Amino acid sequence: MRNFDVLVYIGRFAPFTDAHGENIREALKQAKKVAVIIGSANKARDTRDPFTAKERAQMITAAFPQEVAEGRIQFVYQNDYPYMSNMWLQTIQSAVSTIANTPFTPDPVKIGLIGHSKDSSSFYLKMFPTWESVNTPNFKGINATDAREAFFSAEGAILSTILPAGVCEWLKQWRVDNEVTYEIIRKELADEKRKKERYAELHDDPVFQTVDSVVTQSGHVLLTKRRAFPGKGLMALPGGFLKVKEGMTCRESAISILKDKTNIKLNERTLDRCIRSVRQFDDPYRSRRGRTITTAYHIELQDDVELVKVSSGRNTEYSQWVPFAELDPTQMFEDHYHIIQAMIQNTAI
């Protein structure tokens, strides 16, 4: 019996598994429409999110072609807002309201939220108090992390046991069409695994401290292009690991690394005087290198008709000033796009 007008299903679906499919089947039994919120949209590919939101929608369509064609399953491509949770909530509420707008009955529209609470990443199941919660069991212990690692390794044969048949076929074709991307993700996954094994030998649960500089001038922000994994070829804030051996503070490390990576033509004292705000960013999933907490410094330079000169530096292909309006989250490393937005808008924590 369909008790709901709309059931909302939020996930990353990277890739779409039989467990996801079971949740959608249950949602279709209980609701007239299912709003599938595909998270982590509009961002650069990485080992956690190797597929675009549109590609993940294609996977789901491959598993439920008729229901998508009939409009019973509708997709919402949802951006991450790791440091602006209210914005995340607002955009989902707005999208679901649009989907639920069709007057199924004269009665008020009934919206619910369906999902399995597996760990801290399922926090969203408690963030919509006006939507009735439909909690589903863990289906055969299947999870997308194992499926993703199997797909980008030599264990791809196991996919047929944990993914819908249509998704398996879709992934085979995706690998053919995206051979270069597949190899990049595969290498990054292998590199991550090696580093995590090495770190584990030193500490059971290592936490890394980094620093980043958000340098702005005349409506531009200073970025570098990464030369090495992780994030090779992506644009990033000039930053790096805290200079512990050199005995530097976070503030000193940020300025030192900024100079190293961009060769910015200002001295340390001037840069220090231009620091306008400081903020810590500690989203648990912000870095694929492990739990990494960064301290960011907003360095605001005086507006001028000429931008301060910069050039390529250590571990960077080049440095450049990018207008705020031309920032592209799909070409940005980790959460650096969100750090910039939070710092230049002075968003409250």
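Structural data are supplied above this passage.
These numbers were taken from a predicted model, which means no experiment stands behind them.

Caption draft 1: Quick peek at the overall build of the protein chain. From N to C terminus, the protein chain includes 10 helices and 12 strands. A compact globule built from 349 residues should have a C-alpha radius of gyration of about 20 Å, and the protein chain, at 22 Å, falls within 12% of that. In the protein chain, which comprises 349 residues, the share counted as buried stands at 48%. In the protein chain, once contacts between residues fewer than 6 apart in sequence are set aside, the share between residues at least 24 apart is 71%. Surface accessibility of the protein chain: about 17,700 Å² in total, with carbon and sulfur atoms responsible for 49%. If the 46 positive side-chain charges of the protein chain are averaged to one point and the 44 negative ones to another, these points end up 2 Å apart.

Caption draft 2: How the structure looks around the pattern of salt bridges. Under the criterion given, the structure shown has 18 salt bridges. As a salt-bridge pair, Glu55 and Arg45 come within 2.9 Å of each other at their nearest N and O atoms. Of this pair, Glu55 sits in helix α2 (residues 53–63) while Arg45 sits in the loop between β2 (31–41) and α2, placing them 10 residues apart in sequence. Classification of Glu55 by relative accessible area gives buried; the value is 11%. Using a relative accessible area of 29% as the deciding quantity, one classes Arg45 as partly exposed. Salt-bridge contacts for Glu300 lead to Arg276; the nearest nitrogen and oxygen are separated by 3.8 Å. Here Glu300, found in strand β11 (residues 291–300), pairs with Arg276, found in strand β10 (residues 275–281); they are 24 residues apart in sequence, far enough to count as distant. Salt bridges sharing common partners tie together Arg12, Lys43, Asp46 and Asp49.

Caption draft 3: Up close: the packing of aromatic side chains. Overall, the coordinates contain 16 aromatic pairs when judged by the stated rule. Ring centres of Phe208 and Phe241 lie 6.0 Å apart, and the angle between their planes is 75°; on these two criteria the pair is classed as edge-to-face. In this pair, Phe208 sits in strand β6 (residues 207–217) while Phe241 sits in strand β9 (residues 239–241), placing the two residues 33 residues apart along the sequence. Look at Phe208 and you get buried, because its relative accessible area is 16%. Each member of the aromatic cluster is reached from another via a ring pair, and the members are Phe51, Phe151, Phe152, Trp170, Trp174 and Tyr182. It is Lys110 that lies over the ring of Phe4; its NZ or CZ is 4.8 Å from the centre.

Caption draft 4: Expanded view of the environment of Ser311. By the secondary structure assignment, Ser311 is in the loop between β11 and β12 (316–323). A relative accessible area of 30% places Ser311 in the partly exposed class. For the pair Ser311 and Thr130, spaced 181 residues apart in sequence, the C-alpha to C-alpha distance is 52 Å. Discounting residues that sit within four places of it in the chain, Ser311 has contacts with Lys261, Thr262, Asn263 and Ser319.

Caption draft 5: Looking closely at the nonpolar core. By size, the foremost hydrophobic cluster in this structure holds 41 residues, and its most contacted members are Ile24 and Phe51. When near neighbours in sequence (up to four residues on either side) are disregarded, Phe51 contacts Ala14, Pro15, Arg45, Arg56, Met59, Phe151, Phe152, Trp170, Leu171 and Trp174. By size, the runner-up hydrophobic cluster in this structure holds 19 residues, among which are Val6, Leu89, Leu113 and Trp131.

Caption draft 6: Fine view of the environment of Cys250. Looking at the secondary structure, you find Cys250 in helix α8 (residues 250–262). Cys250 gets classed as partly exposed once you look at its relative accessible area, which sits at 23%. With 46 residues separating them along the chain, Cys250 and Ala296 place their C-alpha atoms 9.1 Å apart. Residue contacts for Cys250: discarding those within four places in its chain leaves Gln209, Val211, Leu242, Thr295 and Tyr297.

Caption draft 7: Local environment of the packing of α2 against helix α6 (residues 165–177). Running from N to C, α2 and α6 point in directions that differ by 140°, and their axes come no closer than 7 Å. Considered as vectors, α2 and α6 are oriented oblique to each other. Of the two possible hands of crossing, α2 and α6 adopt the one that is right-handed. Contact residues: α2 offers Glu55, Gln58, Met59, Ala62 and Ala63, while α6 offers Gly166, Val167, Trp170, Leu171 and Trp174. Across the contact of α2 with α6, the residue classes break down as 7 nonpolar, 2 polar and 1 charged.

Caption draft 8: Summary view of α2. Along α2, the positions that sit buried rather than exposed are Ala53, Glu55, Arg56, Ala57, Met59 and Ile60. Where α2 is buried, its residues meet α1 (18–30), β2, β3 (73–79) and α6.

Caption draft 9: Structural view of the sheet that holds β2. On the basis of which strands lie adjacent, the open sheet formed by 5 strands has the order β3-β2-β1-β4-β5 and parallel pairing. Of all the strands in the sheet, the pair left with one neighbour each is β3 and β5 (132–135). Shown here is a sheet whose adjacent strand axes are inclined to one another by a mean of 25°, direction ignored. Bridging between β2 and β3 involves 6 bridges; their strand directions are parallel. Across the sheet, the residue bridging to Val36 is Phe75, located in β3.

Caption draft 10: Representation of the state of the cysteines. Under the criterion given, the structure shown has 0 disulfides. For Cys250, which is in no disulfide, the shortest distance to another cysteine sulfur is to Cys274 and amounts to 20 Å.

Conventions and cut-offs
- Residues numbered from 1 in each chain as written.
- Predicted model: local features only at pLDDT ≥ 70, side-chain atom pairs only at ≥ 80, totals over all residues.
- Heavy atoms only, no water.
- Helix = DSSP H or I, 4+ residues; strand = E, 2+ residues; numbered from the N terminus.
- Rg over C-alpha atoms; globule rule 2.2 N^0.38 Å.
- Buried < 20%, exposed > 50% of the residue type's maximum accessible area, 1.4 Å probe, protein only.
- Contact = heavy atoms within 4.5 Å.
- Areas by Shrake-Rupley, 256 points an atom, 1.4 Å probe, with all protein chains shown as cover.
- Lys, Arg positive; Asp, Glu negative; His and termini not counted.
- Charge placed at Lys NZ, Arg CZ, Asp CG, Glu CD.
- Salt bridge = Lys/Arg side-chain N within 4 Å of Asp/Glu carboxyl O.
- Phe/Tyr/Trp six-rings, centres within 6.5 Å; stacked < 30°, edge-to-face > 60°.
- Lys NZ or Arg CZ within 6 Å of the ring centre and 35° of its normal.
- Core = buried A, V, L, I, M, F, W, Y, C linked by side-chain atoms within 4.5 Å.
- Axes fitted to C-alpha atoms, helices over the stretch in contact; angles between N-to-C directions.
- Parallel < 35°, antiparallel > 145°, perpendicular 65-115°, else oblique.
- Left-handed = near helix turned anticlockwise from the far one by under 90°.
- Nonpolar A, V, L, I, M, F, W, Y, C, P; charged D, E, K, R; others polar.
- Pairing = 2+ DSSP bridges.
- Disulfide = S-S within 2.5 Å.

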